[in-house]
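Summary of structural features
Here are the chains, one letter per residue:
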Amino acid sequence: MKSFNDLADFTRDEVLELLKLAVRLDREPEPEALRGKVLALLFLSPSLRTLASFQAAMTRLGGGSFVISPDMSIHGLETRPGIVMDGTAAEHIREAVPVIASYGDAIGIRAFAERKDLQKDLAETEFTALTELIDTPWINMESAMNHPCQNLADWKTLDDLSIPENGGKFVLSWAYHPKALPLAVPASTLYMAARRGMDVTILRPEGFELPAEIMRKAEHAANGAGGSIRETDERREAMEGAHVIYAKSWSSTRHYGDRLGDQGLRNELVDWCVDEPWFDTARDDCRFMHCLPVRRGVVVSEPVLDGPRSVVIHEARNRMLAQMAVLHQMMGSST
Ligand code: CP
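Residues numbered from 1 in each chain as written. Predicted model: local features only at pLDDT ≥ 70, side-chain atom pairs only at ≥ 80, totals over all residues. Heavy atoms only, no water.

Observations concerning the pattern of salt bridges
In total, this model carries 22 salt bridges according to the counting rule given. Note that Glu-142 is salt-bridged to Arg-110, the shortest N-O span being 3.4 Å. Of this pair, Glu-142 sits in the loop between β7 (138-140) and α6 (148-160) while Arg-110 sits in strand β6 (residues 106-110), and the two are 32 residues apart along the sequence. For the pair Glu-142 and Arg-110, a shared accessibility class is recorded, and that class is buried. Note that Arg-266 is salt-bridged to Asp-262, the shortest N-O span being 2.4 Å. (Salt bridge = Lys/Arg side-chain N within 4 Å of Asp/Glu carboxyl O. Helix = DSSP H or I, 4+ residues; strand = E, 2+ residues; numbered from the N terminus. Buried < 20%, exposed > 50% of the residue type's maximum accessible area, 1.4 Å probe, protein only.)

Concerning the domain arrangement of the protein chain
Each assigned domain of the protein chain is listed here: domain 1 (3-147 + 319-331) and domain 2 (162-310). The gap between the C-alpha centroids of domain 1 and domain 2 is 26 Å. Contacts between the two partners involve 21 residues from domain 1, matched on the other side by 22 residues from domain 2. Where domain 1 abuts domain 2, roughly 1700 Å² becomes buried across the two surfaces, and 57% of that area is made up of carbon and sulfur atoms. (Domains from an automatic or database assignment. Contact = heavy atoms within 4.5 Å. Buried area = accessible area lost by both parts, 1.4 Å probe.)

Description of the pairing of strand β9 (residues 199-203)
Across the five residues that make up β9, a large majority, four, are buried. Bridge count between strand β8 (residues 169-174) and β9: five bridges; the pairing is parallel. Following the sheet pairing, Leu-172 is matched in β9 by Ile-202. In the classification by handedness, the crossover that spans β8, the intervening helix α7 (residues 184-195) and the parallel β9 is right-handed. (Pairing = 2+ DSSP bridges. Right-handed = clockwise from strand over helix to strand, strands pointing away.)

Description of the packing of α6 against α7
Two numbers describe how α6 lies on α7: the axes approach to 10 Å, and their chain directions differ by 40°. Classified by the angle their axes make, α6 and α7 are oblique. Considering the relative orientation of α6 and α7, their crossing is right-handed. Across from Asn-151, Asp-154, Trp-155 and Leu-158 in α6, the residues of α7 making contact are Ser-188, Thr-189, Met-192 and Arg-195. Residues that form the contact of α6 with α7 fall into these classes: three nonpolar, three polar and two charged. (Axes fitted to C-alpha atoms, helices over the stretch in contact; angles between N-to-C directions. Parallel < 35°, antiparallel > 145°, perpendicular 65-115°, else oblique. Left-handed = near helix turned anticlockwise from the far one by under 90°. Nonpolar A, V, L, I, M, F, W, Y, C, P; charged D, E, K, R; others polar.)

Here we look at the site of the ligand
Looking at the ligand, the residues that line it are Ser-47, Leu-48, Arg-49, Thr-50, Arg-110, His-147, Gln-150, Cys-291, Leu-292 and Arg-319. Residue Leu-48 places a main-chain N or O atom 2.7 Å away from an oxygen atom belonging to the ligand. At a separation of 2.9 Å, an oxygen atom of the ligand approaches a polar side-chain atom of Arg-110. Summarising the interface, the protein chains cover 93% of the accessible area of the ligand, which totals 260 Å² for the free molecule. Split into classes, the residues belonging to the shell around the ligand amount to three nonpolar, four polar and three charged. (Near = heavy atom within 4 Å. Polar contact = N/O pair within 3.5 Å; in protein donor to acceptor, adjacent residues only side chain to side chain. Areas by Shrake-Rupley, 256 points an atom, 1.4 Å probe, with all protein chains shown as cover.)

Digging into the side chain of Asn-151
Position of Asn-151 among the secondary structure elements: in helix α6. If near-sequence neighbours (up to four positions away) are discounted, Asn-151 is found in contact with Leu-7, Ser-188, Thr-189 and Met-192.

Digging into the packing of aromatic side chains
Going through the model one piece at a time under the given rule, you end up with seven aromatic pairs. Residues Phe-170 and Tyr-246 carry aromatic rings whose centres are separated by 5.9 Å and whose planes lie at 35° to one another, so their mutual orientation is tilted. Taken together, the residues Phe-170 in strand β8 and Tyr-246 in strand β11 (residues 244-248) connect sequence positions 76 residues apart. Note on accessibility: Phe-170 and Tyr-246 belong to one class, buried. Taken together, a centroid distance of 5.9 Å and an interplanar angle of 75° make the contact between Trp-174 and Trp-272 edge-to-face. You can see Trp-174 sitting in strand β8 and its partner Trp-272 sitting in the loop between α10 (259-266) and β12 (287-289), a full 98 residues away along the chain. Relative accessible area serves as the criterion here: at 0%, Trp-174 is assigned to the buried category. Of the aromatic side chains, those joined through ring pairs into one cluster are Trp-174, Phe-208, Trp-272 and Trp-278. Its guanidinium or amino end placed over the ring of Phe-279, Arg-309 lies 4.1 Å from that ring's centre, counting from NZ or CZ. (Phe/Tyr/Trp six-rings, centres within 6.5 Å; stacked < 30°, edge-to-face > 60°. Lys NZ or Arg CZ within 6 Å of the ring centre and 35° of its normal.)

So this is what it looks like as structure tokens:
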């Protein structure tokens, strides 16, 4: 495997193979599988789970890892293209990325969306500019529109909970958050659930529709997998018979890159906090999913987050297992 960037780059059988490997590595550890291998981790955006789970995954497979982030660079890391570097930063990302990559057998890169220009973010312009600098196998640890490690872990979580593929009802719900957040998780989670063959309802207020390109990609996946996609702002109807609600906040696509416009819309939506009454029309065993980090009492009520519906810790642990499978395929001797 040369790169792990998007579930769309893999056949269904290849995804299922990774999921099977993740289950096997949990049951039958392979502490020598990546002995002597090194994973470079470049975080241009913050993380808790991705950083810790990749380091844990490498250690469990017998390899090592190192982390670089702008905060750690004593030279100061410049990321802007075409800049005259006469300010504080003495190191440019164009040298830093290939240098860091050359120390590893693979590299993971996290770079969130710039969130100024939707078309540029949809095209993954910034992330591609980084991966084009290297020949080393690489993993997308979250870019403008993709978070494939989260998607693989979430697919595994749905499997672990025996939530049906065809006929399983998956509600991807917008939730209130004081800040405008990136589209990577909602866009790629929608794709994951569609690709799994589920009936997906996107529950979102007006102004927070997902971009047409993201919808088309998911609809194509749903058609191929026997699932469906629909959108609504009607909560009771959306939740009817739901097996799972996956909550996430995201930027207003109507006001993308316009902080004040976005704020004006979201300020009216503080009641979009997932709470027990949301589940009135759902299945009794409807689960609550979230990629974390999550703001308690803002995105989701404490009773739901701490209650039996919540599988957020299970999801987070699956990050490590899913990534072990990816690392094993990318750097193991079987490839
Ligand atoms: N879900 C996720 O990617 O978490 P972090 O941002 O903490 O890595």
